[in-house]
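Letter by letter, the chains look like this.
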Amino acid sequence: EGLQQGRGALPQRQYQTTVTTYVTGDLQASYFGVRTLPASMVFVSEDADTPFSAISPKQVNGTTIYKIFSKAPLTPDLLRSLFGSNVAVLAWKSWAAYPVFSPPERFTPFRLAPGLCYVNTIENAASAMEMSAIGGRNCALMLQGLLQAAAGGSGGGADGVPGQCVNEGVACDHEQQQERQQEQQQQQQEQQQEHQQQERQPEQAASEAGTEQQQQQQFSAS
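Residues numbered from 1 in each chain as written. Predicted model: local features only at pLDDT ≥ 70, side-chain atom pairs only at ≥ 80, totals over all residues. Heavy atoms only, no water.

1. Things to note about the sheet that holds strand E4 (residues 63–70)
Then, number 1: A sheet is described by the order of its strands in space; here five strands give the open sequence E2-E3-E4-E1-E5, paired in antiparallel fashion. Lying at the two open borders of the sheet, with one neighbouring strand each, are strand E2 (42–43) and strand E5 (88–99). (Pairing = 2+ DSSP bridges. Helix = DSSP H or I, 4+ residues; strand = E, 2+ residues; numbered from the N terminus.)

Here you go:
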């Protein structure tokens, strides 16, 4: 229903193509116009005139394996210039690594329709495995709330914590969560005020009784 009405329409997303290549060989300092290279990773800036963005070495059973990130497959001539004539390509893979960001980003709701959640909408903020895990947890909370609402439950959080904000069986967004917290704080204040009034009632009754007794004594004396 939400998708048919256009509320959950997914925006077109372009992805950055990254080619990962694994090779063995000897990284040539002469390619960079220097005498020596650092033993750690080599990074270049986005606007650098190089066919790669990063080179990182790793020791595996006494052999140095280099991982290269590039936007296009590396040619044999380029690999020989980078790693010498004894270069050997172990594997390579071209993949859509992460979204192309164009701030300000348009964020699709997690909830596309009742029972349908879009985990990857969080990638508009940052693209990483850790962010996807956060998005997955958020969707799991939404579905849990939906199932609990359908079963007549309280709609608690994933850890059974009371007060998890649930609206129509799904987790509320940030603004709804703030409204819920403000309502809870107001209820707590009202309950506290009512409790204080109840505590003052015996004292007030005793004070009124003492005042009435003094008035009667003054009237008798007169």
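2. Side note on unusual backbone geometry
Leaving glycine aside, a negative phi is the common case for residues, and trans is the common case for peptide bonds.
Then, number 1: Following Pro103, the chain continues into Pro104 via a peptide bond in cis, with omega recorded as -5 degrees.
Then, number 2: Here Pro104 lies in the loop between E5 and strand E6 (111–113).
Then, number 3: Unlike most non-glycine residues, Asn61 shows phi in positive territory, near 55 degrees.
Then, number 4: On the secondary structure map, Asn61 appears in the loop between strand E3 (54–60) and E4.
Then, number 5: The exposure class assigned to Asn61 is exposed, which follows from its relative accessible area of 80%. (Buried < 20%, exposed > 50% of the residue type's maximum accessible area, 1.4 Å probe, protein only.)

3. Quick word on the state of the cysteines
In a disulfide, the sulfur atoms of two cysteines are held together by a covalent bond.
Then, number 1: On inspection of all chains with the given rule, the structure shows one disulfide.
Then, number 2: A disulfide bridge connects Cys117 with Cys139, and the sulfur atoms are separated by 1.8 Å. Judged by the torsion about the S-S bond (-60 degrees), the Cys117/Cys139 disulfide is left-handed. Of this pair, Cys117 sits in strand E7 (residues 116–117) while Cys139 sits in helix H2 (residues 129–150), and the two are 22 residues apart along the sequence.
Then, number 3: A relative accessible area of 4% means that Cys139 is categorised as buried. (Disulfide = S-S within 2.5 Å.)

4. Describing the packing of aromatic side chains
Then, number 1: Tallying each qualifying case throughout the model produces four aromatic pairs.
Then, number 2: Considering the side-chain rings of Tyr31 and Phe52, the 6.3 Å spacing of their centres and the 40 degrees angle between planes classify their relative orientation as tilted. Placement of the pair is Tyr31 in the loop between strand E1 (15–24) and E2 and Phe52 in the loop between E2 and E3, with a sequence separation of 21 residues.
Then, number 3: The class of Tyr31 is partly exposed, set by a relative accessible area of 30%.
Then, number 4: A network of ring pairs unites the aromatic residues Tyr31, Phe32 and Phe52 as a single cluster. (Phe/Tyr/Trp six-rings, centres within 6.5 Å; stacked < 30°, edge-to-face > 60°.)

5. Topic: the pattern of salt bridges
Then, number 1: Scanning the model with the defined rule gives one salt bridge in all.
Then, number 2: Ionic pairing is found between Arg80 and Asp77, a salt bridge with its closest N-O pair at 2.3 Å. Remark: Asp77 and Arg80 occur in helix H1 (residues 76–83); sequence separation between them is three residues, near one turn of the helix.
Then, number 3: When its relative accessible area of 41% is taken as the criterion, Arg80 is described as partly exposed.
Then, number 4: Judged by relative accessible area, which is 53%, Asp77 ranks as exposed. (Salt bridge = Lys/Arg side-chain N within 4 Å of Asp/Glu carboxyl O.)

6. Concerning the nonpolar core
Buried together is how nonpolar side chains tend to be arranged in soluble globular proteins.
Then, number 1: Grouped together as the largest cluster of nonpolar side chains are 13 residues, with contacts concentrated most on Val23, Leu27, Ile55, Tyr66, Ile68, Leu82 and Phe83.
Then, number 2: Among the elements of the structure, E4 and H1 are those that each provide at least two residues to this core.
Then, number 3: When residues no more than four places from it in sequence are discounted, the contact partners of Val23 are Thr64, Ile65, Tyr66, Ile68, Leu79, Phe83, Val87, Ala88, Val89 and Leu90. (Core = buried A, V, L, I, M, F, W, Y, C linked by side-chain atoms within 4.5 Å. Contact = heavy atoms within 4.5 Å.)

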